[in-house]
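# Remarks on the overall topology
Residue-level listing of the chains:
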Amino acid sequence: MTPAEAPRIVDNDPRLAPGGLDEERRRLEHTWRSPSGLIGWLSEVDHKAIGRRFIVTAFAFFVLAGLLAALMRIQLARPDNTFLNPDLYNQVFTMHGTTMMFLFAVPVVLAMGVYFVPLMVGARGIALPRLLAYSYWMFLFGGLFLYVMFLANVGPDNGWFSYPPLAGPEFGYGKRADVWAQLITFTEVSSLVVATCLICTILKMRTPGMSLNRMPLFVWAMLVVSFMVMFAMPAVMISSTCLILDRLMSTHFFNQAEGGDPLLWQHLFWFFGHPEVYIIFVPALGMMSEIIGTCSRRPVFGYLVMVLSMIATAFIGFGVWVHHMFATGLPQLGQSFFTAASIMIVVPTSLQIFGWIATVWTARRLAITVPFLYAASFFFVFVIGGLSGVMLASVPLDRQVHDTYFVVAHFHYVLIGGSTFPLLGAVVYWFPKMTGRMMGQWLGRLSFWLLFAGFNLTFFPMHLLGLYGMPRRVYTYPASMGWGSMNLLATIGAGVIFLSLLVFLVNVITSLRAGAVAESNPWGGSTLEWATSSPPPPYNFLPQPTVASREPLWHPELASPPVVGLESEKRQVLVTAVLDAEPDHRYKVPGPSLWPLATAMATTLMFIWSIFQAMGLVWGAIPTFVCLVGWFWPTRGKERLAASPPTRLTLRESLS
Amino acid sequence: MPHLQSIIHPAGIQAARVSHLWWVMFWICAVVWAAVAVTAMVAIARGRRGSSTATDAQMARSVTVAGGLSVAALLGLLFQSIVTGRALDTLRSPDALRIQVTGNQWWWDVQYEHAVPSRRVTTANEIHIPVGRAIRFDLLSTDVIHSLWIPSLQGKIDLVPGRLNELWLRADEPGIYRGQCAEYCGLQHAKMALVVVAEPPDDFERWLTANRAPASPPTTPEQQRGRDIFERGPCAMCHTIAGTSAGGRSAPDLTHLGSRSTIGAGTLPNTKGYLAGWIADPQHIKPGNRMPPTGLNGEELQAVLAYLETLK
């Protein structure tokens, strides 16, 4: 059996839809459609539309942060350059890091989950769709707030880590550090909400038959990441709130003169900051598995090991934060624990890499498509970053290369090689599903190879710069240090990266207009998102499929009957059991609403007001409260209870 | 590239140990990378033909072996790291030379400890050390977090307000080494460097004795006028010159300014021309540094320069 021949799950059983499939389709379209016009656009709650907006917005921030990086590369291209003044340079590098971490990397991977998790688990929609809409608006407003402040010369300038006392009340002048701290609040609220939506969808809305051990690996990755978000983000929310309190209310959390401690900040920040890296990285592992499995035309080798590796990575990821603090003079015994943990975390990732190589090795006619190129580059690029990471786990060596360009090289290899490459591969891979059109092959290969070359040209020399003593976060360096030529090389490489991303963008635009029309399963994938049309209808599936194996589209012989009994006049979804996804009850998810937007605007007002006046928190809470009351105002009549009576609906019953 | 600040061109025992660790790690990691890359390429070539007859059980064995090898390599690296860490600790000794370094935005205050307070030596941005003797730095900060890093001699340790950190090192080759602040500390973090002069013990003792003496009195009328301007003008608010009434503590001690090789914390060579430029317009070369414009006219500037030149 080759996957391309795999029959679709859609059944023509007349019991599915009493009035016929066409009638059912018409009713579902009516029920799930988004209202038209501007109001409709603003009140959108469809996870695909919001996911798409999230992805597009996050990539817009990616472009902005990339342009900031270009400015830095121009400034550093030669010694004693005066292209950027020190004040602007410090803002630019802070904005670059903050944007990449908080406005691109985390939102974009979560957004891929928002779009694809409900499709991959075979659900009609996402859990808590209005909350999801709120999360998008918070993310957008937070990002706009940051950039408006930057254009007003109030951009944060203390680095993306914002260490007090430099960012504290005494040395962090003006509002810059407050802007940074409040941006964190915006993005953390947004991420926590997305994580909630994803966890609920994954645990309670998987289609019947999809027990936990049949979940696609990408869904596993998103589940693991959502839990990581739940545990990591509160640490940074607490610390950024303490920072704001220190700055605005004269508390002394980080003031050593009054019994506080600047290192407390570093512990709290990195307790979030290191898991953050894995929050960016683990979804990419899921994307790798999907791409490699499909292109190899076989299930990914070692499903259980893959899942356990991701979970192990998540757990150990919370135990390595002190390796960011080896130079702060902490006791040595504690440091060795974190060295051991930092080295141990390599094991699960290497097992995954070996698993993928085994998958490729035993492929049935491997298809070297553009997504596969991105996935395969992981083996060459990410592994360099992983190995330099092992070096950084060693306290003696870290104390030499910490805060040098060696570290800059290391984490760009890890984050770009380990996350951005798979992400771009996933964009190409899922582009036909999202848009109904394939991305251009030729331009796709061109932009991949340009990116691969440009990336290595930019970041490989930085290892050498670090070894020759160039520290990070310096706006210039004297000619006598001899760092000029390597820096020039890196700047040229950045130009090549710029070119490659331009080609990627051109490819996206031309493919949107004139790309080859995609059928429902153009790559021959095995998971449920390929079982519906490209792009999917607002209700995702007509009829909702069930599964009987891990690769439902590759095992037509195990085809199981679709779900029946969901009312098509209401936005009904099927809620199933956590472990084995047995049908439990039907649940009506809410439809479009303007309240999420209104609440997000009120929250934004409160957040921004509060960094100028402490009472802004109090006064700003009033409109927020009003909006929440409006949002949760009980609706009358039949829709009074969101949940239908918990009809125990088993597959067998629903079919008979 | 020059080796002014190179990790892999050590000039002291501590840096040499870390450099050795680096090369061990580098070669192990290079071999691991090559193995993964070659395997991946072979896998892609095979997968493309779809010719592999390997069963999943065989693959499971290969993956297990590869995982085992990874764990072995990681344990090897961990072992090397621990061995190096223990070796670095053996330098601690009670008869080390103690130097207190205090970080300020954006310069280094350096004091050579002595049981008799009046025999302490204070200087800034330039540290002289004897070759072959263990040095213990006591590190403090008056404002934000800085990090003292002299790559040729030892890895960095942060200067954290409210904490006392130690850094142990020993220079084994005489020479001039450059160091730099390695923790982002604000606007002029890039221009917070320092010079370390490692010299034979006799030379060091001579230097220390010379620096213990107060500033020599001016000999010409112009120098005398320069000192008057320094003492009565804004300079004395922040700077100290021992032996005069200038006793400010919030800027580098200038008692022996003439013997130092740089000004502005490693920003410029200490020549008369640069010094004149610095005093005339301190905000031009290092914008944001704490030194305000002095407002001296040309004649006053020349007098101050003439005096500062005598501070050997």
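Small disclaimer: the values here were computed from a predicted structure and weren't measured.

Counting secondary structure elements, chain B contains eight helices and 12 strands. Radius of gyration (C-alpha) of chain B: 26 Å, far over the 20 Å computed for a compact globule of 312 residues. For chain B, the spread of C-alpha atoms along the three principal axes comes to 95 × 45 × 35 Å. Buried residues in chain B amount to 41% of all 312 residues. Considering only intrachain contacts with a sequence separation of at least 6, the fraction spanning at least 24 residues in chain B is 64%.

What follows concerns the overall build of chain A. Counting its secondary structure elements, chain A contains 19 helices and two strands. Here the C-alpha radius of gyration of chain A, 25 Å, is about what a compact globule of 656 residues would show, namely 26 Å. Taking the principal axes of the C-alpha coordinates as reference, chain A spans close to 80 × 60 × 50 Å. Out of the 656 residues belonging to chain A, those deemed buried represent 59%. A fraction of 81% describes how many contacts in chain A between residues 6 or more apart in sequence connect residues 24 or more apart.

Let us now look at the packing of helix 3 (residues 47-76) of chain A against helix 16 (residues 484-514) of chain A. Residue and element names in this part refer to chain A. Relative to each other, helix 3 and helix 16 sit at 155 degrees, their axes nearing to 9 Å. Put simply, helix 3 runs roughly antiparallel to helix 16. When the axes of helix 3 and helix 16 are compared, the crossing they make is left-handed. Contact residues: G66, A69, A70, R73, I74 and L76 in helix 3; N487, A490, T491, A494, F498 and L501 in helix 16. The residue makeup of the contact of helix 3 with helix 16, split by class, is eight nonpolar, three polar and one charged.

Residues and elements named next belong to chain B. For chain B, the domain assignment lists domain 1 (1-204) and domain 2 (221-308). The gap between the C-alpha centroids of domain 1 and domain 2 is 35 Å. Facing 17 residues of domain 1, the contacting portion of domain 2 comprises 14 residues. When the residues that make up the side of domain 1 that touches domain 2 are grouped by side-chain class, the tally is nine nonpolar, five polar and three charged.

So, about the environment of F102 of chain A. All names here are of chain A. Structurally, F102 can be placed in helix 4 (residues 86-120). Taking the C-beta count within 10 Å as the criterion, F102 has 26 such neighbours and is therefore assigned buried. A sequence separation of 82 residues divides F102 from I184, and the C-alpha atoms of the two residues are 7.5 Å apart. Once residues within four sequence positions are removed from consideration, F102 is found in contact with L183, I184 and T187.

Another point: the interface of chain B and chain A. Each partner contributes residues to the interface: chain B has 67 residues there, and chain A has 67 residues. Contributing elements (two or more residues each) for the side of chain B that touches chain A: helix 1 (13-49), helix 2 (56-89) and strand 7 (154-159) of chain B. No other element matches helix 1 of chain B, which puts 16 residues into the side of chain B that touches chain A. Among the residues forming the side of chain B that touches chain A, the class breakdown is 38 nonpolar, 21 polar and eight charged.

It is worth spelling out the packing of helix 11 (residues 346-361) of chain A against helix 1 of chain B at this point. At a minimum axis distance of 7 Å, the contact between helix 11 of chain A and helix 1 of chain B shows a crossing angle of 25 degrees. The angle between helix 11 of chain A and helix 1 of chain B places the two elements in the roughly parallel class. For the pair formed by helix 11 of chain A and helix 1 of chain B, the contact residues are I353, I357, V360 and W361 of chain A on the first element and V36, T39, A40, A43, I44, R46 and G47 of chain B on the second. Here the contact of helix 11 of chain A with helix 1 of chain B is built from residues that sort into eight nonpolar, two polar and one charged.

Residue and element names in this part refer to chain B. Across the sheet, which stays open at both edges, the five strands sit in the order 4-10-9-6-7 with mixed pairing between neighbours. The open sheet has two edge strands, strand 4 (126-130) and strand 7, and neither has a second partner. Here the average twist between neighbouring strands, direction ignored, is 20 degrees. Contacts from helix 3 (residues 201-212) reach strand 4 and strand 10 (193-199) within the one sheet, and its direction differs from that of strand 4 by about 135 degrees.

All names here are of chain A. Taking 1.5 Å of rise per residue, the 35 residues of helix 8 (residues 262-296) would be expected to cover 51 Å, and the 51 Å separating its terminal C-alpha atoms lies within 8% of that figure. Of all the bends found along helix 8, the most pronounced is centred on W270 and spans about 30 degrees. In terms of burial, helix 8 is largely enclosed, as 31 of its 35 residues are buried. Positive backbone phi, at 55 degrees, marks R297, one or two positions downstream of helix 8.

Before going further, it helps to spend a moment on the nonpolar core. One finds A58, V108, V114, L132, V219, A221 and V282 of chain A to be the most contacted residues of the largest nonpolar core, which totals 274 residues. A total of 22 residues in this core trace back to one element, the largest contributor, which is helix 4 of chain A. Other than its neighbours up to four places away in sequence, A58 of chain A contacts L103, F104, P107, V108 and A111 of chain A. The next biggest cluster of nonpolar side chains, apart from the first, holds 15 residues, and it includes A215, C235, I241 and A303 of chain B.

A few words now on the sheet that holds strand 1 (residues 97-104) of chain B. Residue and element names in this part refer to chain B. One open sheet holds the five strands; their spatial order is 3-2-1-5-8, and the pairing between them is mixed. Each edge of the open sheet carries a strand with a single partner, namely strand 3 (121-124) and strand 8 (165-169). Between one strand axis and the next, the sheet turns through 25 degrees on average, direction left out of account. When strand 2 (residues 107-112) meets strand 3, the two strands line up antiparallel, connected through four bridges. In the strand pairing of strand 3, V110 is matched with T123.

Residue and element names in this part refer to chain B. Residues N165, L167 and L169 of strand 8 are buried on one face, while the alternating residues E166 and W168, pointing to the opposite face, are not. In this structure, strand 5 (residues 135-141) lies alongside strand 8, joined through five bridges in antiparallel fashion. Paired with R136 across the strands is W168, a residue of strand 8.

Bringing the confidence of the model for chain A into the picture now. Residues and elements named next belong to chain A. Scored by pLDDT, chain A has a mean of 92; 94% of the residues are at 70 or more. Between residues 1-12, whose pLDDT stays under 50, and residues either more than four places distant or in other chains, the model counts 24 contacts. Low pLDDT, under 50, characterises residues 637-656; the stretch is placed with 29 contacts to residues that sit more than four places away or in other chains.

Here the focus is the pairing of strand 10 of chain B. Residues and elements named next belong to chain B. With five of seven residues buried, strand 10 lies mostly within the body of the structure. Pairing between strand 4 and strand 10: five bridges, direction parallel. Across the sheet, H128 pairs through a bridge with V197, a residue of strand 10.

The peptide bond linking P164 of chain A to P165 of chain A adopts the cis configuration, its omega dihedral lying at 5 degrees. Position of P165 of chain A among the secondary structure elements: in the loop between helix 5 (129-151) and helix 6 (176-204). Look at the link from Q105 of chain B to W106 of chain B: it is a cis peptide, with omega at -10 degrees. Structurally, W106 of chain B is set in the loop between strand 1 and strand 2.

Residue and element names in this part refer to chain A. Under the 1.5 Å per step criterion, the end-to-end length of helix 16 is 45 Å for 31 residues, consistent within 8% with the ideal 45 Å. What helix 16 keeps buried is the set N487, A490, T491, G493, A494, I497, S500, V503, F504, N507, V508 and S511. The secondary structure elements touched by the buried residues of helix 16 are helix 3 and helix 15 (441-467).

This part is about the confidence of the model for chain B. Across chain B, the average pLDDT comes to 94, with 100% of residues at 70 or higher. Across the predicted assembly, pTM comes out at 0.94 and ipTM at 0.96.

Residue and element names in this part refer to chain A. Here D46 is to be found in the loop between helix 2 (37-42) and helix 3. Counting along the chain gives 150 residues from D46 to T196, while the straight-line C-alpha distance between them is 16 Å. The contacts of D46, once residues within four sequence positions are left out, are S34 and P538.

Quick notes on the rules
- Residues numbered from 1 in each chain as written.
- Chains lettered and ligands numbered in written order.
- Predicted model: local features only at pLDDT ≥ 70, side-chain atom pairs only at ≥ 80, totals over all residues.
- Helix = DSSP H or I, 4+ residues; strand = E, 2+ residues; numbered from the N terminus.
- Rg over C-alpha atoms; globule rule 2.2 N^0.38 Å.
- Buried ≥ 20, exposed ≤ 12 C-beta atoms within 10 Å, placed from the backbone.
- Contact = placed C-beta atoms within 7 Å.
- Axes fitted to C-alpha atoms, helices over the stretch in contact; angles between N-to-C directions.
- Parallel < 35°, antiparallel > 145°, perpendicular 65-115°, else oblique.
- Left-handed = near helix turned anticlockwise from the far one by under 90°.
- Nonpolar A, V, L, I, M, F, W, Y, C, P; charged D, E, K, R; others polar.
- Domains from an automatic or database assignment.
- Pairing = 2+ DSSP bridges.
- Expected span 1.5 Å × (residues − 1).
- Bend = angle between axes of the 7 residues up to and from the residue.
- Core = buried A, V, L, I, M, F, W, Y, C linked by C-beta atoms within 7 Å.
- pLDDT = per-residue confidence, 0-100.

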